[in-house]
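An overview of the molecular structure
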Amino acid sequence: MPLSEHEQRMLEQMERALYAEDPKFATALEGSGLRTYTRRRVYQAVAGFLVGIALLMTGVMIQGQYWISVVGFLVMLGCAALAVTGWRKAPRAGAQQGAGPVGQPGGRGQMRPRRSMMDRIEQRWQRRRDEQGH
């Protein structure tokens, strides 16, 4: 759920106060830990994907043991999903969530909340209904 404008302003004020009071502590909390965690998760998912490929190939080479191939495929599928979700959630290098310590806003794209695919589909559906007069 995105924050309201008032909540965003309050958060920015709290961030500025934290930077003014203890800049060393504030820079330690900037989010590099989250970036490291998501990067590590993506690397683990890639390694799991490779293990899934090995299981898939082993199941194909051993006659009568097709269940190993199925397990390998499921491991590959799960690891691919983990890698994609981890990659999407990973913050960009150098990007911050809100305002910086001096109060400059982030980018223009950060101010607009990102809509989900279902929200866009519902908007299009509503627009079509309004155009048809229903």
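Not measured: the values here are computed from a predicted model. (Residues numbered from 1 in each chain as written. Predicted model: local features only at pLDDT ≥ 70, side-chain atom pairs only at ≥ 80, totals over all residues. Heavy atoms only, no water.)

**A word on the overall build of the protein**
- Of the regular secondary structure elements, the protein holds 6 helices and 0 strands.
- Starting at the N terminus, the α and β elements of the protein follow one another as α-α-α-α-α-α.
- When burial is assessed residue by residue, the protein has 13% of its 134 residues classed as buried.
- Nonlocal contacts in the protein, meaning residues at least 24 apart in sequence, comprise 53% of its contacts between residues at least 6 apart. (Helix = DSSP H or I, 4+ residues; strand = E, 2+ residues; numbered from the N terminus. Buried < 20%, exposed > 50% of the residue type's maximum accessible area, 1.4 Å probe, protein only. Contact = heavy atoms within 4.5 Å.)

**Regarding the side chain of Ser69**
- Mapped onto the elements, Ser69 comes out in helix 4 (residues 66-89).
- Residue classification places Ser69 among the buried residues on the basis of a relative accessible area of 10%.
- With near-sequence residues (within four places) excluded, Ser69 lies in contact with Leu55, Leu56, Gly59 and Val60.

**A look at the pattern of salt bridges**
- One pass over the structure, following the stated rule, counts 1 salt bridge.
- Here Arg16 and Glu12 are joined by a salt bridge, their closest N and O atoms 3.6 Å apart. Separated by 4 residues within a single helix, Arg16 and Glu12 lie in helix 1 (residues 5-21), roughly one turn from each other. (Salt bridge = Lys/Arg side-chain N within 4 Å of Asp/Glu carboxyl O.)

**What to know about a positive patch on the surface**
- Judged by side-chain charge, Arg120, Arg124, Arg127 and Arg128 come together as a positively charged surface patch.
- Structurally, Arg124 can be placed in helix 6 (residues 117-132). (Patch = residues over 30% accessible without salt bridge, like charges linked within 9 Å, V, L, I, M, F, W, Y side chains within 5 Å. Areas by Shrake-Rupley, 256 points an atom, 1.4 Å probe, with all protein chains shown as cover. Lys, Arg positive; Asp, Glu negative; His and termini not counted. Charge placed at Lys NZ, Arg CZ, Asp CG, Glu CD.)

**A word on the confidence of the model for the protein**
- The predicted model of the protein has a mean per-residue pLDDT of 75, with 69% of residues at 70 or higher.
- No element of the protein has a lower mean pLDDT than helix 5 (residues 108-111), which averages 46, and none a higher one than helix 4, which averages 86.
- Counting contacts from residues 94-111, a segment whose pLDDT is below 50, to residues more than four positions away or on other chains yields 14 contacts. (pLDDT = per-residue confidence, 0-100.)

**Describing helix 6**
- The end-to-end C-alpha separation of helix 6 is 23 Å, in line with the 22 Å expected for 16 residues at 1.5 Å each.
- Immediately downstream of helix 6, the backbone of Gly133 shows phi near 90°, a positive value. (Expected span 1.5 Å × (residues − 1).)

**Focus on a nonpolar patch on the surface**
- Among the surface-exposed residues, Val46, Leu50, Ile53, Met57, Met61 and Ile62 lie close enough to one another that they form a single nonpolar patch of about 560 Å² accessible area.
- Looking at the secondary structure, you find Met57 in helix 3 (residues 32-61).

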